[in-house]
Amino acid sequence: MGEIKPFYFEGTIAASKSLMNRALIVQSFFEKLSIVGESQCNDVVKMREALLSLSFNEAMDCGAAGTTLRFLMARVSREEGEFFLHGDERLFSRPHQGLIKLLEQLDVKVDFPEKNYIRVVSKGWRNQKILKVDLSQSSQFASALLLSAWNLENDLTLELSVNKNSYSYLKMTMDFLIQMGMEINIESDKVKVPALQTLKIDQAVVEPDMSSCFAIAAFGASLGEVKIKNFPSSSLQPDFEFIDILKKMSVDVSYEKVDQVLNIKKPQVLRAVELDLNNNPDLFPVLSVLLLKAHGISEITGIDHLVYKESDRIQNTIDLIESVGGRCSYENKKFKIYGNPQLVLNKSIVFNPDEDHRMAMAASLLVGMGADIEITDKKVVDKSFPEFWQAVGQL
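Read on for an overview of the structure.

Calculation rules
Residues numbered from 1 in each chain as written. Predicted model: local features only at pLDDT ≥ 70, side-chain atom pairs only at ≥ 80, totals over all residues. Heavy atoms only, no water. Pairing = 2+ DSSP bridges. Helix = DSSP H or I, 4+ residues; strand = E, 2+ residues; numbered from the N terminus. Axes fitted to C-alpha atoms, helices over the stretch in contact; angles between N-to-C directions. Parallel < 35°, antiparallel > 145°, perpendicular 65-115°, else oblique. Contact = heavy atoms within 4.5 Å. Nonpolar A, V, L, I, M, F, W, Y, C, P; charged D, E, K, R; others polar. 1 Å grid on protein atoms, 1.4 Å probe; cavity = no way out; pocket = protein on both sides within 12 Å on 5 of 7 lines; lining within 4 Å. Points joined across faces, edges and corners; volume = space filled by probe spheres on them. Expected span 1.5 Å × (residues − 1). Buried < 20%, exposed > 50% of the residue type's maximum accessible area, 1.4 Å probe, protein only. Polar contact = N/O pair within 3.5 Å; in protein donor to acceptor, adjacent residues only side chain to side chain.

Pairing within the open sheet is mixed, and its four strands lie in the order E3-E4-E6-E5. Strands with a single pairing partner mark the edges of an open sheet, and in this sheet they are strand E3 (60-61) and strand E5 (109-111). The sheet contact formed by E5 and strand E6 (residues 117-123) spans three bridges and is antiparallel. Among the inter-strand pairings, Asp 111 is bridged to a residue of E6, identified as Arg 119.

Contact pair helix H7 (residues 210-223) / helix H9 (residues 284-291): the axes reach a minimum separation of 10 Å and the direction vectors enclose 5 degrees. Our classification of the angle between H7 and H9 gives roughly parallel. Of H9, the residues touching H7 (which contributes Phe 214, Ala 215, Ala 218, Ala 221 and Ser 222) are Val 286, Leu 287 and Leu 290. Across the contact of H7 with H9, the residue classes tally to seven nonpolar, one polar and no charged.

This next bit is on empty space enclosed by the protein. Tallying each qualifying case throughout the model produces two cavities of 30 Å³ or more. Reported here for the largest cavity is a volume of approximately 440 Å³. Within the residue set of the lining of the largest cavity, elements represented by two or more residues are helix H1 (17-29), helix H3 (66-77), helix H6 (167-180) and helix H11 (357-368). Lining the second largest cavity are Ser 211, Phe 214, Ala 215, Asp 282, Leu 283, Val 286, Arg 358 and Met 361. Mapped by element, the contributors of at least two residues to the lining of the second largest cavity are H7 and H11. In terms of residue class, the lining of the second largest cavity is built from five nonpolar, one polar and two charged.

The subject of this paragraph is H1. An ideal rise of 1.5 Å per residue puts 18 Å on 13 residues; H1 measures up with 19 Å between its terminal C-alpha atoms. By the criterion of burial, H1 is predominantly enclosed, with 10 of the 13 residues buried. Listing the buried residues of H1 in full gives Lys 17, Leu 19, Met 20, Asn 21, Arg 22, Ala 23, Leu 24, Ile 25, Val 26 and Phe 29. Between the side-chain oxygen at the start of H1 and the backbone nitrogen of Ser 18 there is a gap of 3.3 Å, and the oxygen is on Ser 16.

Written out as structure tokens, the structure is:
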């Protein structure tokens, strides 16, 4: 068993990669839009570079970023021409067919001339009838279309499926676009964007990344104390709910409104919880590890679509927890973590995060708890949080 040290963090967290990429797409339509906030994570860097490539009609490298690829597929389809997007092999094993089918309904041709390439051939969006959007695998297909629904000659109407996995991220997209000035009408399962929408503000302020904030807060909740500066009192991001989740676990959470500081302190005993993470599934790997030290059995639902993420996060989380002597199970769409505050993590393992930044962060929390884990491919966290290892003291 490794040494368990008290944890302390005080500082800021970089801007949300999700909101930064949405803002960058909007900025590609309106150069006057100024973006306040900074992120050097790979997903944002790839988006910036790709949009620059769009200006020069060059092939766009999306790396391992599913959001970047999907948002760009819709963005380039608004232009007339032939466009090439490529990326890592794992990226092209993730589901994109739902978005391709939507673009084809708009008379956009999409094919795969090579293994890791997508070609988009477009004359702009046509036949803007009602588009049926399947949200069962990802809400990003709908978000991609809405982000590029500026200055259309006709109304755009999306009819959303009954199964709305990660709908909260689509709501984040709509709320963000409404702030930018886009009119969006929501009626039952239909989302309508009237024609000729244009930007009505000059500046977009991007708040800290809530998924990254939670990854650090989890260290405070289990090992010591965390003070996150410049933390907003409200957020567009679904993962902002991590604050209420920690409170349910009896974690000492407080907010200094004047100074905008979020304080997280380890409680005497972590409480087991029952949670539905359908609206914030990115919390799952780190939260599962945190709950290993809770008192009692925790149950998590709303995660079945996590098999479509950067990796199969359900199976990889099971493998990680069991590899260090913890107990968990997944049956009938219910994930159970058998918490034990006295759990001794006494196994020495080598852990491959399987090209998944969230899995690397989950493993790092186990290291903080005393597990002897050698994490390979530590640079995978650069996808969303390149400062992570420094922040948790595991350089």
